[in-house]
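Given next are the chains, with one letter for each unit.
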Amino acid sequence: MNTPAELSHNPSHFSGHDHQKCVSEALSTAAQLCKVRGVQLTPIRHQVLELIWDSHKAVKAYDLLDRIRPQQNAAKPATIYRALDFLIEQGLIHRVESLNAFVGCNCSWHQHELLLLICNDCQEVEERSAPKVMQALSREIEQADFKVHSKAIEILGKCSKCAETMGD
Ligand SMILES: [Zn+2]
Ligand SMILES: [Zn+2]
Ligand SMILES: [Zn+2]
């Protein structure tokens, strides 16, 4: 964590990067995007987003609730879920179906397809755009004459950092 490293355009892992930069970029993007779209980034929505951006790990709704409660006694699960729905709708976070959890998105300006690399050990999620994979997938789906509502590919495995720690 002490070695400074540039966050490359397509980081293969997150170790040693300046995460504070990720957080401040994500929060300022959220503020701009909500302003442009004329939607409200209310304090609770902002707080939930900030908590999700605490790391690149996928976060479960009840963990968010646990962390918000000390600050906001009145926070109810429904409040959190409404905030999460809003953040998903605005593309500020993604739902990670296979973990039933949420992760921040750093490319929220455009709706996009998802390739998520999910580490089973540390729950870190890396989002990649993988345009070639997505094009191939689209062709396959067209041939099946199938109407797509949402397209996300979730790959479970072990990130390079965890693989290193295990010594394999
Ligand atoms: Zn980061
Ligand atoms: Zn995204
Ligand atoms: Zn990992």
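In this text the structure is predicted, and so the values were computed from the model without any measurement.

The rules behind the values
Residues numbered from 1 in each chain as written. Chains lettered and ligands numbered in written order. Predicted model: local features only at pLDDT ≥ 70, side-chain atom pairs only at ≥ 80, totals over all residues. Heavy atoms only, no water. Helix = DSSP H or I, 4+ residues; strand = E, 2+ residues; numbered from the N terminus. Buried < 20%, exposed > 50% of the residue type's maximum accessible area, 1.4 Å probe, protein only. Contact = heavy atoms within 4.5 Å. Donors = N, O, S within 2.8 Å, 3.2 Å for Na, K, Ca; no water. Salt bridge = Lys/Arg side-chain N within 4 Å of Asp/Glu carboxyl O. Expected span 1.5 Å × (residues − 1). Arc of directions from axis to C-beta. Core = buried A, V, L, I, M, F, W, Y, C linked by side-chain atoms within 4.5 Å.

Draft legend 1. Fine view of the environment of Ile88. When you line up the elements, Ile88 lands in helix H4 (residues 77-89). Since its relative accessible area comes to 27%, Ile88 is described here as partly exposed. Sequence-wise, Ile88 and Cys105 are 17 residues apart; in three dimensions their C-alpha atoms are separated by 9.4 Å. Those residues within four positions of Ile88 in sequence are excluded, and the remaining contacts are Ile93, Arg95 and Phe102.

Draft legend 2. Looking closely at the coordination of the zinc ion (ligand 1). Protein coordination at the zinc ion (ligand 1) comes from His17 (NE2), His19 (ND1), Cys22 (SG) and His56 (NE2), with a distance range of 2.0 to 2.3 Å. Spacing between the donor residues of the zinc ion (ligand 1) along the chain follows H-x1-H-x2-C-x33-H. Taken together, the residues His19 and Cys22, both in helix H1 (residues 19-37) and three residues apart, mark about one turn of the helix. Given the relative accessible area of 6%, Cys22 is considered buried.

Draft legend 3. Seen up close, the pattern of salt bridges. Applying the stated criterion across every chain, the model contains six salt bridges. Here Asp54 ties to Arg67 by a salt bridge, and the two come within 3.4 Å at their closest N and O atoms. Of the two residues, Asp54 sits in the loop between helix H2 (43-52) and helix H3 (61-68) while Arg67 sits in helix H3, which places them 13 residues apart along the sequence. As a salt-bridge pair, Glu97 and Arg95 come within 3.9 Å of each other at their nearest N and O atoms.

Draft legend 4. H1, seen in detail. Spanning 19 residues, H1 covers 27 Å between terminal C-alpha atoms, matching the ideal 27 Å at 1.5 Å per step. All of the buried residues in H1 are His19, Cys22, Val23, Ala26, Leu27, Ala30, Leu33 and Cys34. Axial view of H1: buried residues confined to an arc of 135°, hence all on one face. Those residues of H1 that are exposed and angled more than 90 degrees off the buried face are Gln20, Lys35 and Val36. For H1, the elements touching its buried residues are H2 and H4. Of the residues one or two after H1, Gly38 is the one with positive phi, at around 70°.

Draft legend 5. Looking closely at the nonpolar core. Formed by 27 residues in total, the largest nonpolar core has its most connected members in Val48, Leu49, Leu64 and Leu84. Contributing elements (two or more residues each) for this core: H1, H2, H3 and H4. Considering each element in turn, this core owes the most residues, seven residues, to H1. If near-sequence neighbours (up to four positions away) are discounted, Leu84 is found in contact with Val48, Ile52, Ala61, Leu64, Ile93 and Phe102.

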